[in-house]
Amino acid sequence: CYPFATMNPTDYTNLLGVYLDAAFFPKLTREDFLQEGHRLEFSKMDDSTSELMVKGVVFNEMKGAMGSQSARFGRALGATLFPTSTYHHNSGGDPVNIPDLTHEQLQKFHALHYHPSNARFFTYGDLPLEATLEQAQTLTLSRFDSIDVSTLDVADEQRLTAPLKVEVRIPAEAVIQDVNKQSVVSVAYLMVNQIKDPLAEQDNFALTVASDLLLSGPQAYFHESLLESGLGSGFAPGTGYSSSRRETSFAVGLKGVADADVEEVEKRVADTLKKVALEGFPRDRVDAVMHQVELGAARVSTSFGLGVAFGAMGTWVHGGDGLRSLRTPAMAAKLQAALDADDQFWQKLITRRFLNNAHMVTVVGKADPEYDTKLEEEEKVNVAAISAGLDDTRRAEIVREAVALRASQDRVEDVSLLPTLVVADAVPREIKRWGSQLGHTSSGVPLQMDEQPTNGITYASVLMDVSDLPDRLVPYLDLFADFITELGTAKRNYKDLAQTEKLTTGGIGAGVDTVAPLDGIGPPQVYLAMSGSALDRNVPAMFDLMSEVVTSAKWTGEPARVGLLLSRRAASAGSSVAPNGLSYAKGYANASIDSIAAFDFRTGGLPHVAMLQRLAREKEAAVEEVMAAIAEIATHVLAAPKVLRCRLACQPGTSSAAAQKELDGFLASLPAKSSGGGAGGATLAESLSAFTAAPSKAFIAVPTQTSYCAATFNTVPYAHEDSAAIFLLGQAMSTSFLHRELREKGGAYGGGAGSSPIDGMFAFSSYRDPATTATIATFAKAAEWAAASGNLTSEILEEAHLKAFKAIDSPLAPSSRGSSLFTTGLTDDARQQFRDRLLGCTAGKMRECAEKYLVGKTGALAIVGSPAAVKAVRAEGWTCLDAEGAPLKEV
């Protein structure tokens, strides 16, 4: 699928032409294949006696994509569930097999598969369809004759006649709670043939609802039988119902399981399904899920059109219903009617699709801490064998190809061949103004009212100041926000609370956020954001529930529940380090030079990962520790004097008045004063003001075959006259230097540079990168390139402008219009001034900013990468850490 989206008609026409040309008429040259796919190359490109290596962008991409336990287990689960059809294979390519692909095979595959006879075209929007059809016909369809593509149809899976159980080897997690509980087990079922099954539409939708009832929230059946059992640390990768393939599937299981408990997990899965097959689902729980379906249909999203397109893929490409994703309300009504007509509907469905389904597979993953090391060693052995078999002629050919490829990468492309927009024509000089109304609630709290076409949904946000919270409680602040709706209240236990939330709202919850002053003057603001959404008819119930949670949450008294939440969160955090390496690398670097980033890293970075592992290991003592901390935070934060400001986003007219009345009631329910004492050392505000920058140079070793590199710099606040130029500079360096150096030459799947004007920070980064410190050196070269006279041209400036305005002018959902004013204080005047500075920026100004803020400056450096690189980076003076941020011992 090759999607694009734009709000500019000219851009739409241009992009459609480019996408048609790229998809149907690519050159697919030998050099393209060597760069993007795979190639043999010597470590010293022009020296055939140096070490032979395998390189390639997609080769490295898939190393990264498959570089986690979750990815490897999910792939094994899919391969086992689909033993004979195309879904058995890794569509992105397994790195072990990618080097087997030849250039000729790729060309033949494209010629057969990328043909209009095998294609589907989808468009959504307000442009006339006829123009799109005419352009597609003229540029592409008229240049082909119809061919028979029936041999390309995805075959139905050959159904198993008896259950199957297999054991596979998977990587160990980067962070492990319990070395004796590292296995993963999942039970999966192949279900509905969406093309041939006469009950496909009804059963597919019903199974989607059933999956929610089985898995989502503490009241779900598998939550009780599996998660609360203590047998594992969380649901297994791949858990849930999937309808994206020709034939749908359902899987459920646990990760973090002891080998001796695997069979018990299997038994509990079977017993839970038998229970539902006997009893069915309570109607009130079904109604709660259907309420969420109604909310989903009403919610206005900026990606609705793309969502419809992706929703069609599971059936349309196989000759099925291409408009299925638009029929959700109708299918919901049909399901309700079926439930009214047959009180045994669920029992029959579960029996038919689960209990009587012979196509059931059980996959058990056994963790191997040396998994990635073994893959690397196997690759080295294979490459060494290839190298040993090379004669002088082939060695010379590899050198010639490498030199030719580098010359091609250094060649200046003729971009004038590509259609483009002109900033003067395409970019409006004026910002979009959302008409936010600023006022006060009846109690005098600042209120921002955004009346927008929200389609009958009201959104509410209340910000509460946490700056005077004792700093010793900061590590628990994110847990406090996450647990606020997870522990029950004085009125309801946590399961009943979750059910009520699902039945009456679009969700309520809390989050912690920070904002720096736009002019850089004064301290940053740290707040807890309490938020919720509901259909207009349920707004009173939403605020009642928010009030109930804020005033009577069971911060203590639910030790078993807190223990489960901590265990699950620790497992999730531990498994996130490797696949989210770039986030951790940037977070680590930023935290060493910026106080707000340091706060964010304490509550969500490696220190938080380490704390969660400690809490999971200490069990009962940790539960008491956390309950005491979050209860104390509640006494500090959840009080009327702590409310900074409120926001409502809803339909114009009576909705806004009704919502404001309910908001007034919520605020009145808050305790009149904070009961938290001031004792306990420094406050969060004092900790932030005492922060001292110490730029990092850290390498974090995790089980992975690729790296994630970051170099970050403090620059200027949003209101500074250079902020806009620095923002443009990131766009220019990414497109005109770093893409070529990091991806085309370096083989990284992604990389670039960017400025965050609100935060006043600039970052270089790379993603799924085969290199480490060489990439850091490339970042420095990028700054020098930008600062050199003549490199930043007017053409580069024009392209940077287009990229920048694409970012800042991206569409906003009605519920989000005005949100930047509320959360960051970004006024219309401030946005307009920044826009004016962007439009007035010159190439010379960008060059000056590169020289002023980047060249020769000490940035904060961090790399998340393979343990195999530790020795080399340590020799270059890097501090080496494990996945929890603890120093690695020298071996």
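A brief structural summary. Since this is a predicted model, take the numbers as computed values, not measurements. (Residues numbered from 1 in each chain as written. Predicted model: local features only at pLDDT ≥ 70, side-chain atom pairs only at ≥ 80, totals over all residues. Heavy atoms only, no water.)

**As for the overall build of the chain**
No. 1: If you tally the helices and strands in the chain, you get 33 helices and 20 strands.
No. 2: Relative to the compact-globule value of 29 Å for 891 residues, the chain shows a C-alpha radius of gyration of 28 Å, a close match.
No. 3: Every one of the 891 residues in the chain was classed for burial, and the buried ones make up 50%.
No. 4: Within the chain, counting contacts between residues at least 6 apart in sequence, those at least 24 apart form 81% of the total.
No. 5: As displayed, the chain offers around 39,100 Å² of accessible surface, 53% of which is attributable to carbon and sulfur atoms. (Helix = DSSP H or I, 4+ residues; strand = E, 2+ residues; numbered from the N terminus. Rg over C-alpha atoms; globule rule 2.2 N^0.38 Å. Buried < 20%, exposed > 50% of the residue type's maximum accessible area, 1.4 Å probe, protein only. Contact = heavy atoms within 4.5 Å. Areas by Shrake-Rupley, 256 points an atom, 1.4 Å probe, with all protein chains shown as cover.)

**Side note on the sheet that holds strand β16 (residues 707-714)**
No. 1: Judged by pairing direction, the sheet is mixed, and its 6 strands sit side by side in the order β17-β18-β16-β19-β15-β20 without closing on themselves. Edge positions in the sheet fall to β17 (750-756) and β20 (879-881), since each of these pairs with one other strand and no more. In this sheet, neighbouring strand axes are inclined to one another by 15 degrees on average, regardless of whether the strands run parallel or antiparallel. (Pairing = 2+ DSSP bridges. Axes fitted to C-alpha atoms, helices over the stretch in contact; angles between N-to-C directions.)

**Details of the environment of S815**
No. 1: Residue position: S815 is located in the loop between α29 (794-808) and α30 (819-824).
No. 2: In this structure, S815 is in contact with T454, Y459, R647 and A649, ignoring residues within four places of it in sequence.

**Some details on the packing of helix α27 (residues 723-745) against helix α32 (residues 843-853)**
No. 1: Look at α27 against α32: their axes get within 9 Å of each other, and the N-to-C directions meet at 95 degrees. Considering the angle they form, α27 stands roughly perpendicular to α32. Contacts between α27 and α32 pair A725, I726, L728, L729 and A732 from the former with K845, M846, C849, A850 and Y853 from the latter. (Parallel < 35°, antiparallel > 145°, perpendicular 65-115°, else oblique.)

**A short note on the environment of F82**
No. 1: With respect to the helices, strands and loops of the structure, F82 is situated in the loop between α4 (69-81) and α5 (103-113).
No. 2: You can call F82 buried: its relative accessible area is 0%.
No. 3: C-alpha separation for the pair F82 and Q158, spaced 76 residues apart in sequence, amounts to 8.2 Å.
No. 4: Residues contacting F82, with those up to four places away along its chain left out, are Y87, H88, E157, L190, R245 and E247.

**Regarding unusual backbone geometry**
No. 1: Of note in this structure, L28 is not a glycine but carries a positive phi near 50 degrees.
No. 2: The exposure class assigned to L28 is partly exposed, which follows from its relative accessible area of 22%.
No. 3: A positive phi is found at K619, a non-glycine position, where the angle reads about 50 degrees.
No. 4: The residue K619 is located in the loop between α23 (606-618) and α24 (620-637) in this model.

**A word on the side chain of R246**
No. 1: Here R246 shows up in the loop between β6 (240-242) and β7 (247-257).
No. 2: Here R246 is in contact with Y87, V154, D156, V192, N193, Q194, I195, K196, G314 and H318, once residues within four sequence places are set aside.

**Overview of the packing of aromatic side chains**
No. 1: One pass over the structure, following the stated rule, counts 24 aromatic pairs.
No. 2: Taking 5.5 Å as the distance between ring centres and 70 degrees as the angle between the ring planes, the aromatic pair formed by Y221 and F281 counts as edge-to-face. Within this pair, whereas Y221 is found in helix α8 (residues 221-225), its partner F281 is found in the loop between α9 (262-279) and α10 (283-298), the two being separated by 60 residues in sequence.
No. 3: Taking relative accessible area as the criterion, Y221 reaches 11% and is therefore assigned buried.
No. 4: An aromatic cluster of three or more residues is present, and its members are F24, F25, F121 and F144.
No. 5: Residue placement shows R245 over the ring face of Y87; its charged tip is 5.7 Å from the ring centre. (Phe/Tyr/Trp six-rings, centres within 6.5 Å; stacked < 30°, edge-to-face > 60°. Lys NZ or Arg CZ within 6 Å of the ring centre and 35° of its normal.)

**So, a nonpolar patch on the surface**
No. 1: Taken together, the side chains of F122, Y124, F304, L323 and L326 present a nonpolar region at the surface, about 490 Å² in accessible area.
No. 2: Mapped onto the elements, Y124 comes out in the loop between α5 and α6 (129-139). (Patch = residues over 30% accessible without salt bridge, like charges linked within 9 Å, V, L, I, M, F, W, Y side chains within 5 Å. Salt bridge = Lys/Arg side-chain N within 4 Å of Asp/Glu carboxyl O.)

**Quick notes on the environment of H359**
No. 1: Residue position: H359 is located in the loop between α13 (345-355) and β8 (360-368).
No. 2: Distance in space between the C-alpha atoms of H359 and E157 is 10.0 Å, their sequence separation being 202 residues.
No. 3: If we ignore the near neighbours within four places in the chain, the residues touching H359 are L81, P83, E157, Q158, R159, L160, A188, Y189 and L190.

**Side note on the packing of helix α18 (residues 494-504) against helix α19 (residues 539-552)**
No. 1: Two elements in contact, α18 and α19, have axes whose closest approach is 10 Å; the angle formed by their N-to-C orientations is 155 degrees. Compared by their axis directions, α18 and α19 come out roughly antiparallel. In this structure, α18 crosses over α19, and the sense of that crossing is left-handed. Judged by residue contacts, L497, T500, E501 and T504 of α18 engage A541, L545, E548 and V549 from α19.
No. 2: Residues of the contact of α18 with α19, tallied by class, amount to 4 nonpolar, 2 polar and 2 charged. (Left-handed = near helix turned anticlockwise from the far one by under 90°. Nonpolar A, V, L, I, M, F, W, Y, C, P; charged D, E, K, R; others polar.)

**Notes on the sheet that holds strand β12 (residues 507-515)**
No. 1: The strand order β9-β10-β14-β11-β13-β12 describes an open sheet built from 6 strands, whose pairing is mixed. Of all the strands in the sheet, just β9 (437-440) and β12 have a single pairing partner and so form its edges. Pairs of neighbouring strands in the sheet enclose a mean axial angle of 20 degrees, with direction left out of account.
No. 2: As paired strands, β9 and strand β10 (residues 446-451) are joined by 4 bridges and run antiparallel to one another. Pairing of G439 across the sheet is with L447, part of β10.
No. 3: Sitting on the sheet, helix α25 (residues 654-669) touches β9, β10, β11 (457-465) and β14 (643-650), and the angle it makes with β14 is about 150 degrees.

**Side note on the state of the cysteines**
No. 1: Evaluated as defined, the whole model comprises 0 disulfides.
No. 2: In this model C849 remains outside any disulfide bridge; the closest cysteine sulfur is found in C841, 6.9 Å from its own.
No. 3: Under the relative-accessibility criterion, C849 is labelled buried at 2%. (Disulfide = S-S within 2.5 Å.)

**Quick notes on the pattern of salt bridges**
No. 1: Considering all chains together, one arrives at 50 salt bridges under this definition.
No. 2: Residue E201 is joined to K334 by a salt bridge in which the shortest nitrogen-to-oxygen separation is 3.2 Å. Placement of E201 in helix α7 (residues 200-215) and of K334 in helix α12 (residues 328-341) is noted, with a sequence separation of 133 residues between them.
No. 3: A relative accessible area of 34% places E201 in the partly exposed class.
No. 4: Since its relative accessible area comes to 53%, K334 is described here as exposed.
No. 5: Of the charged contacts, one joins D722 and K845 as a salt bridge, the two residues approaching to 2.6 Å between their closest N and O atoms. Separated by 123 residues along the polypeptide, D722 in the loop between β16 and α27 and K845 in helix α32 bring together distant segments of the chain.
No. 6: Relative accessible area serves as the criterion here: at 2%, D722 is assigned to the buried category.

**Comments concerning helix α1 (residues 9-24)**
No. 1: An ideal rise of 1.5 Å per residue puts 22 Å on 16 residues; α1 measures up with 22 Å between its terminal C-alpha atoms.
No. 2: Within the span of α1, buried status applies to D11, Y12, N14, L16, G17, L20, A23 and F24.
No. 3: In this structure, the buried residues of α1 make contact with α5 and α6. (Expected span 1.5 Å × (residues − 1).)

**A look at α7**
No. 1: Taking 1.5 Å of rise per residue, the 16 residues of α7 would be expected to cover 22 Å, and the 22 Å separating its terminal C-alpha atoms lies within 8% of that figure.
No. 2: Counted residue by residue, α7 has 12 buried out of 16 residues, so it is predominantly covered.
No. 3: Every buried residue of α7 is listed here: A200, D203, N204, F205, A206, L207, V209, A210, S211, L213, L214 and L215.
No. 4: Count one or two residues on from α7 and you reach G217, which has phi positive near 90 degrees.

Honestly, it's all geometry; don't read function into it.
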